[in-house]
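# Architecture and fold: a report
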Amino acid sequence: MVEQPISSNGPAGFAHRILDRLTAMKLRVGSVRLRLRLGAIAPAEIEDHLDHIEQEIDAAAALAQDMQAEGSNSR
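Residues numbered from 1 in each chain as written. Predicted model: local features only at pLDDT ≥ 70, side-chain atom pairs only at ≥ 80, totals over all residues. Heavy atoms only, no water.

## Brief notes about the environment of Arg17
Of note, Arg17 is situated in helix H1 (residues 10–38). For the pair formed by Arg17 and Ala64, sequence separation is 47 residues and the distance between their alpha carbons is 9.8 Å. (Helix = DSSP H or I, 4+ residues; strand = E, 2+ residues; numbered from the N terminus.)

## Observations regarding the pattern of salt bridges
As enumerated under the stated definition, the model contains two salt bridges in all. Arg21 is the salt-bridge partner of Glu56, the closest N and O atoms lying 3.2 Å from each other. Pair noted here: Glu56 is in helix H2 (residues 43–73) and Arg21 is in helix H1, with a separation of 35 residues, a long-range link. Its relative accessible area of 30% is what places Arg21 among the partly exposed residues. One salt bridge in this structure joins Arg35 and Glu45, with 2.3 Å as the shortest N-O distance. (Salt bridge = Lys/Arg side-chain N within 4 Å of Asp/Glu carboxyl O. Buried < 20%, exposed > 50% of the residue type's maximum accessible area, 1.4 Å probe, protein only.)

## A few points about H1
Between its terminal C-alpha atoms H1 stretches 43 Å, which fits the 42 Å expected from 29 residues at 1.5 Å a residue. Along H1, the residues that are buried comprise Gly13, Ile18, Met25 and Val32. Of the residues trailing H1, Gly39 is marked for its positive phi of about 70°. (Expected span 1.5 Å × (residues − 1).)

## Focus: the side chain of His49
Positionally, His49 belongs in helix H2. For His49, a relative accessible area of 11% puts it in the buried group. Those residues in contact with His49, other than ones at most four positions away along the chain, are Arg28, Val32, Arg35 and Ile41. (Contact = heavy atoms within 4.5 Å.)

## Concerning a negative patch on the surface
Taken together, the side chains of Glu47, Asp48, Asp51, Glu54 and Asp58 make up a negatively charged region of the molecular surface. Tracing the backbone shows Asp51 in helix H2. For Asp51, a relative accessible area of 37% puts it in the partly exposed group. (Patch = residues over 30% accessible without salt bridge, like charges linked within 9 Å, V, L, I, M, F, W, Y side chains within 5 Å. Areas by Shrake-Rupley, 256 points an atom, 1.4 Å probe, with all protein chains shown as cover. Lys, Arg positive; Asp, Glu negative; His and termini not counted. Charge placed at Lys NZ, Arg CZ, Asp CG, Glu CD.)

The values reported here are purely geometric and, on their own, carry no functional implication.
Here's what the structure looks like:
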């Protein structure tokens with residue numbers, strides 16, 4: 001079976017980009033949790049991880065807004 005490349009445009013591309021962002025956030029949260037349990041993370045490092053997670057959230061929101069704008073323009 002040959003996988004078809006995902007178009008960067010349209011609903012499938014949008015879903016793929018959103019899933020990439022969500023996966024990155026989930027992995028970062030898991031890493032922070034593990035390091036917290038092990039007592040191996042400093043507060044400044046936690047802040048850094050939280051900043052990155054916020055950036056991913058902002059990027060996902062921007063993707064959604066772009067997709068919404070494309071839908072509004074195509075009408």
